Amino acid sequence: MKNAEIAAALDELADLYELDGAVVYRVVAYRQAARSVRDSSRSVAQLAAEKRATELPHIGKTLEEKIRTLVETGEIPQAVKLRKKFPGELVRFIEIPGLGPKTARKIYDELGIVTLDELRAAAETGALKSVQGLGPKAEQNILKSLDAGGEPERAERFLLSAVLAIGEEIVGALRTHEAADRVEIAGSARRWTDTCKDLDIIATAHDPVALTQAFTELELVGEVRASGEAGARIVTNNGLSVDFRVVAPDQFGNVLQHLTGSKQHNMALREYAVRRGLHVSEYGVEDDEDGSKHTCASEEDVYRLLGLPYIEPELRENRGELKAAIDGALPDLVREEQIRGDLHMHTTLSDGRSTLEQMAKAGQDRGYQYLAVTDHSATFGFGNDVQPDALKRRIEEVRAMNEEMKGFRLLAGSEVNIQLDGSVDYDDDLLAELDWVVASVHTSFRMSEERMTERMTAAMEHPLVDAIGHPTGRKILSRDPYHVDVERLIAKAAETGTMLEINAAPDRRDLNDLHARAAAEAGVLIVIDSDAHSHQLLPLMRYGVATARRAWLEPRHVANTRTWKELQKLRKRAR
DNA sequence: GCCGTTTTCGGCCCGACTGTTTTCAGTCG
């Protein structure tokens, strides 16, 4: 059973317990456990079978036992029982915004309503109003929500690259405004999550009104939703909601910390603070001892008041960063300027838009020491294949260019296709001529998990395959990863010395943060690549570095923080 | 139901908003 299925079962049980009126802490415990299971890079079913699931945060003896029962029998008895007690679509009532468990329960108790259709009918006939606490607004709200397609509206999410493009434009414009002092991006964009629901920007200013007005008058503003003396909410022309707030300078740290989140991190942080007699909010840190309230100009001050070192935004997901901070064991996260080369990109030889020369120049301009050009191989499926002869000519070309460049090394590489049987599509003799080989899956995405895992692990056995490109094949917001057992990929990578890629394309970021963290913990070397299809796209590297940082990676975990001379020795063919 | 440099029992984040209220419970982020 997949972690996602187990997590869904725990979430459902949390909903049921909530309807049943269980103490809220038990409900919270189930939700936290569900999240823990979902986040785990290891198979929780297997952990539970080995009685090791309690190693995960928020999983105790009770939940381990329930998970084991779920895996063995397909059900948790308490859920079966509660589903009988609360029949029909009752749990789905909670999905309607504004309708919580208490209200859903009251509607059921007093009117006996169990389906969404019955709920709609009761709202239309006015029967709902007989329930204490429900008035005309509640009726309208329920009807509006049900009319929106029965399903509650799913908030549209945006790719981080789209959000940062807007965020950086806004920040750039406002920082040059004469009324501004500080302007920063906050929220999930500051944590470099894969996608964002909206964008938060906060500022300090000696003229908040003028700066707020400047914000609402930016060219990218499509609609002003709300506007006040020290902040506004707008929607951009392409539909992104942006919150802007001007705050007092001595409170900037508190607000930035609060709005950066994540919610989970802040909850854990506040709980920790409470144990020390301190109360944290966006307004300051209050001390139980004497009731004094401290505001902070910087985030560093917020963490310092709690007796903690600064925690980087990318780590603030409540994935152990608090404990690491307390123990003084926070990672020294890899930084973009530590990347010395890029090992996956394309030119006009296959499907790229820039020439070899343009790529080499762009790499040098970025301060890289080396660059591997890895055009698609002979069976690439879009008419841009590179036949062996063409690759041989390319290798000669690269060698010749290296003669003329100082302090920079161009590497002859290829992104070879992993075929259905796990073989790759050049002869070994030709592969041996290359400096760098990344192998990727580009066909038959819909194989069974078993076959896909066999296929990819077979490719890792090849002595000349240095790394696996975009190992799960996901396209964020548009394509699910292919069915593959990432745990087994990681184990095989560790066994064979094959590196795994964090592909930095902002719609890939593949491996993702959780998988990359698990791979590094297993001793697998990670290589961060831009997969640039144009010389202008080498800077996409930053999204890969961001994923690496969210994966707690230090420079030592990342192969291409090393010089080519060092990196060469780490390839399995050098072993 | 989980968890532990104040606790193995007794705690468990914080504030804003909303609608139906006459002082606040429920919901949300």
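Right above here is the structure, for reference.
Residues numbered from 1 in each chain as written. Chains lettered and ligands numbered in written order. Predicted model: local features only at pLDDT ≥ 70, side-chain atom pairs only at ≥ 80, totals over all residues. Heavy atoms only, no water.

### Regarding the protein's contact with DNA strand B
So, point 1. Residues in contact with DNA strand B amount to 36 residues; listed here are only the nearest, Gly98, Gly100, Gly135, Arg275 and His279.
So, point 2. Take the atoms of DNA strand B that sit within 4 Å of the protein: sugar and phosphate atoms are 71% of them.
So, point 3. Note that a phosphate oxygen of DNA strand B is positioned 2.9 Å from one of the side-chain N or O atoms of Tyr283.
So, point 4. Elements supplying a minimum of two residues to the surface near DNA strand B: helix H2 (24-39), helix H4 (61-73), helix H7 (101-111), helix H9 (136-147), helix H14 (263-275) and strand E8 (278-281).
So, point 5. The element that contributes the greatest number of residues to the surface near DNA strand B is H14, accounting for 6 residues.
So, point 6. Of the residues assigned to the surface near DNA strand B, the class counts are 17 nonpolar, 10 polar and 9 charged. (Near = heavy atom within 4 Å. Polar contact = N/O pair within 3.5 Å; in protein donor to acceptor, adjacent residues only side chain to side chain. Helix = DSSP H or I, 4+ residues; strand = E, 2+ residues; numbered from the N terminus. Nonpolar A, V, L, I, M, F, W, Y, C, P; charged D, E, K, R; others polar.)

### A closer look at the nonpolar core
Nonpolar side chains tend to gather and get buried jointly when the protein is soluble and globular.
So, point 1. Residues Leu410, Leu500 and Ile528 are the most contacted members of the largest nonpolar core, which totals 63 residues.
So, point 2. With 5 residues, the single largest contributor to this core is helix H18 (residues 388-404).
So, point 3. Those residues within four positions of Ile528 in sequence are excluded, and the remaining contacts are Ile339, Ile502, Met541, Gly544, Val545, Ala548, Val558 and Asn560.
So, point 4. Ranked by size, the runner-up nonpolar core spans 48 residues in total, among them Leu13, Val131, Leu143 and Leu146. (Core = buried A, V, L, I, M, F, W, Y, C linked by side-chain atoms within 4.5 Å. Buried < 20%, exposed > 50% of the residue type's maximum accessible area, 1.4 Å probe, protein only. Contact = heavy atoms within 4.5 Å.)

### Quick word on the layout of surface pockets
So, point 1. Taken as a whole, the second largest pocket encloses approximately 470 Å³ of empty space.
So, point 2. Lining the second largest pocket are 21 residues, and of these Ala189, Arg190, Trp192, Glu314 and Arg542 sit closest to its centre.
So, point 3. Going through the elements one at a time, helix H10 (160-175), strand E2 (180-186), helix H11 (187-190) and helix H23 (541-550) are the ones with two or more residues in the lining of the second largest pocket.
So, point 4. Grouping the amino acids of the lining of the second largest pocket by side-chain chemistry returns 10 nonpolar, no polar and 11 charged. (1 Å grid on protein atoms, 1.4 Å probe; cavity = no way out; pocket = protein on both sides within 12 Å on 5 of 7 lines; lining within 4 Å. Points joined across faces, edges and corners; volume = space filled by probe spheres on them.)

### Focus: empty space enclosed by the protein
The probe, sized like a water molecule, is rolled over the atoms to show the empty space still left.
So, point 1. With the rule as written, the count across this model stands at 1 cavity of 30 Å³ or more.
So, point 2. The computed volume of the largest cavity comes to approximately 40 Å³.
So, point 3. Contributing to the lining of the largest cavity are Leu349, Val373, Asp375, His376, Val386, Leu391, Arg394, Gly413, Ser414 and Tyr426.
So, point 4. Sorting the residues of the lining of the largest cavity by element identifies strand E12 (370-376), H18 and strand E13 (409-417) as the ones contributing at least two each.
So, point 5. The leading source of residues in the lining of the largest cavity is E12, at 3 residues.
So, point 6. Here the lining of the largest cavity is built from residues that sort into 5 nonpolar, 3 polar and 2 charged.

### Considerations on the environment of Thr374
So, point 1. Mapped onto the secondary structure, Thr374 falls in strand E12.
So, point 2. Residues Thr374 and Thr347, 27 residues apart in the sequence, show an inter-C-alpha distance of 8.1 Å.
So, point 3. If we ignore the near neighbours within four places in the chain, the residues touching Thr374 are Leu343, His344, Met345, His346, Gly413, Ser414, Glu415, Trp436 and Val438.

### Observations regarding the sheet that holds E13
So, point 1. Ordered by their spatial adjacency, 7 strands build an open sheet running E11-E12-E13-E14-E15-E16-E17, and the pairing between neighbours is parallel. Where the open sheet ends on each side, the last strands, each with one partner, are strand E11 (341-342) and strand E17 (526-529). (Pairing = 2+ DSSP bridges.)

### Thoughts on the packing of helix H8 (residues 116-125) against H9
So, point 1. Running from N to C, H8 and H9 point in directions that differ by 135°, and their axes come no closer than 9 Å. When the interaxial angle is binned, H8 and H9 end up oblique. Helix-helix and strand crossings are classified by hand; for H8 and H9 the assignment is left-handed. Residue-level inspection shows Leu116, Leu119, Arg120, Ala123 and Glu124 of H8 in contact with H9, the latter providing Glu139, Ile142, Leu143, Leu146 and Asp147.
So, point 2. Residue classes in the contact of H8 with H9 are distributed as 6 nonpolar, no polar and 4 charged. (Axes fitted to C-alpha atoms, helices over the stretch in contact; angles between N-to-C directions. Parallel < 35°, antiparallel > 145°, perpendicular 65-115°, else oblique. Left-handed = near helix turned anticlockwise from the far one by under 90°.)

### Thoughts on unusual backbone geometry
In most cases, non-glycine residues show a negative phi, while peptide bonds are predominantly trans.
So, point 1. Cis geometry is adopted by the peptide bond preceding Ser262, which originates at Gly261 and carries an omega value of -5°.
So, point 2. As for its placement among the helices and strands, Ser262 is situated in the loop between helix H13 (252-260) and H14.
So, point 3. In this model, Asp510 is joined to Leu511 through a cis peptide bond whose omega is 5°.
So, point 4. Here Leu511 shows up in the loop between strand E16 (499-503) and helix H22 (513-521).
So, point 5. In this model, His58 sits at a positive phi of 70°, which is unusual for a non-glycine residue.
So, point 6. Take His58: it is sitting in the loop between helix H3 (44-49) and H4.
So, point 7. One non-glycine residue, Trp192, lies in the positive phi region at around 60°.
So, point 8. By the element assignment, Trp192 lies in the loop between H11 and strand E3 (195-196).

### Points about the sheet that holds E8
So, point 1. Overall, antiparallel pairing links the 3 strands, which are arranged E8-E9-E10 in an open sheet. The open sheet has two edge strands, E8 and strand E10 (293-294), and neither has a second partner.
So, point 2. Where E8 meets strand E9 (residues 284-287), 4 bridges bridge the pair, whose relative direction is antiparallel. Each bridged residue has a counterpart across the sheet, and for Ser281 the counterpart in E9 is Gly284.

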